[in-house]
Amino acid sequence: MKYAFIINPIAGNGKKADKLCKEISEAALDSEFDIELHYTTGPGSATHIADKVAASAERDGEEVRIYACGGDGTVNEVANGVYGHANAALGVIPIGSGNDLIRNFGGTKATDYKDLMSQLLAEEEVIDVMSYSYNRDGESYNRIGLNAFNIGFDGNVAILATYFNKKTFIGGSLSYGLSIFLNLIEKSGQNLQVTIDGEQLFKGPLMMCTIGNGRFCGGGIESSPKAKLDDGLLDLLVVHRIPRRTVLKVLPKFSKGKLNEIKGIEKITEFKQGRKIDIIPRSGHMKFVVDGEIAETDELKIEVKDRAMRVLVPYLQI
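Residues numbered from 1 in each chain as written. Predicted model: local features only at pLDDT ≥ 70, side-chain atom pairs only at ≥ 80, totals over all residues. Heavy atoms only, no water.

Asker: Just checking my understanding: could you explain the layout of surface pockets for this structure?
Answerer: Unfilled space is identified by rolling a water-sized probe across the atoms. Volume-wise, the second largest pocket comes out at about 360 Å³. Counting only elements with at least two residues in the lining of the second largest pocket, the list comes to β10 (234-240) and β11 (269-274). Ranked by residues supplied to the lining of the second largest pocket, first place goes to β10 with three residues. Here the residues of the lining of the second largest pocket sort into seven nonpolar, six polar and five charged. (1 Å grid on protein atoms, 1.4 Å probe; cavity = no way out; pocket = protein on both sides within 12 Å on 5 of 7 lines; lining within 4 Å. Points joined across faces, edges and corners; volume = space filled by probe spheres on them. Helix = DSSP H or I, 4+ residues; strand = E, 2+ residues; numbered from the N terminus. Nonpolar A, V, L, I, M, F, W, Y, C, P; charged D, E, K, R; others polar.)

In structure tokens form, the structure reads like this:
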């Protein structure tokens, strides 16, 4: 068994990455585990590294555990490199922000997943993935996501929060709070045609559209409370274009997975579970966020792939 750690060296302002590198290096010297370290060098490099490591182990007839060490973006990139390699399992050591994947397994704190020996001895679970395709600048892209897609208000909040995290001193929950405030002023949304399993669910202006494989997004927002990572279904929620005062009423319940507690919520929302989703902007392009990664397209096609990825779950005490 090989153990490969792919580390984003700038995650957690670099300090968390430095500490983790030291711990892994010490473990490599003082244990019987076959451990190697790799460092990302920019966008896309984590996917390339993970794919190369898995393919090399496959040629040697070995199993490999590949750990994404960083934030949501690093996890997304490593997952795309692991996908398709039957000999590889995905681990997560959260040293960035978000940490939404581990919440689906009961890990509510990043520290729950940072014990190195627990990671090396972690049990495995098998989960579904969201295979998606889109076009941008004449190029076609095919990738996978693990947790959720966000389009419209919540997607725009995530995009702006990412900007604050990367470009300013504003981070964490403060960046999301400020992003929500600014998007409320603008009242940003989308105008979309949304189809699920061949049936048109919605067409027109909307506040937001969320597709969940997992329950959480945006650093703990329970956007898809009925979702399960291994049920073979995608959870699709559309919230209609609504007044600001209604947005303020909906958001707190939405973030806690309790929209159904709002009286009359069925009049301003559409919800359905299914396996294939097609989203087309009715004018121009649309931006979307998947597991913290931002993209833009004129059509988005999503399909669930049953039990398509092995993931490591070291969190044993809840």
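Asker: Would you take a moment to explain the pairing of strand β5 (residues 123-136) for this structure?
Answerer: Regular strands place their side chains on alternate faces of the sheet. In this structure, β5 lies alongside strand β15 (residues 300-313), joined through eleven bridges in antiparallel fashion. Looking at β15, one finds that Tyr134 is bridged to Leu300. When β5 meets strand β6 (residues 139-145), the two strands line up antiparallel, connected through seven bridges. For Asn135, the partnering residue across the bridge sits in β6 and is Ser140. Where β5 hands over to β6, the hairpin turn is made up of two residues, of which Asp137 adopts a positive phi near 55 degrees. (Pairing = 2+ DSSP bridges.)

Asker: Looking at this structure, I do not really get the confidence of the model for the protein. What am I missing?
Answerer: This prediction gives the protein a mean pLDDT of 85; 84% of its residues lie at or above 70. Within the protein, helix α2 (residues 45-59) carries the highest mean pLDDT (98), whereas helix α7 (residues 172-186) carries the lowest (44). Ignoring residues within four places in sequence, the model shows residues 167-186, a span with pLDDT below 50, making 35 contacts including any to other chains. (pLDDT = per-residue confidence, 0-100. Contact = heavy atoms within 4.5 Å.)

Asker: Explanation requested: the environment of Ile10 in the structure shown.
Answerer: Position of Ile10 among the secondary structure elements: in the loop between β1 (2-7) and α1 (15-30). Between the C-alpha atom of Ile10 and that of Gly96, which follows or precedes it by 86 residues, the distance is 8.8 Å.

Asker: I keep staring at the pattern of salt bridges and nothing clicks. Help me out?
Answerer: Note that side chains of opposite charge can pair when their charged atoms are close. Taken as a whole and assessed by the stated rule, the structure comprises 13 salt bridges. In this structure, Glu199 and Lys272 form a salt bridge, with 2.6 Å as the shortest nitrogen-oxygen distance. Here Glu199 is found in strand β9 (residues 199-212), whereas its partner Lys272 is found in strand β11, with 73 residues between them in sequence. Residue classification places Glu199 among the partly exposed positions, given a relative accessible area of 42%. One continuous salt-bridge network, built from bridges that share partners, spans Glu63, Arg65, Glu124 and Arg310. (Salt bridge = Lys/Arg side-chain N within 4 Å of Asp/Glu carboxyl O. Buried < 20%, exposed > 50% of the residue type's maximum accessible area, 1.4 Å probe, protein only.)

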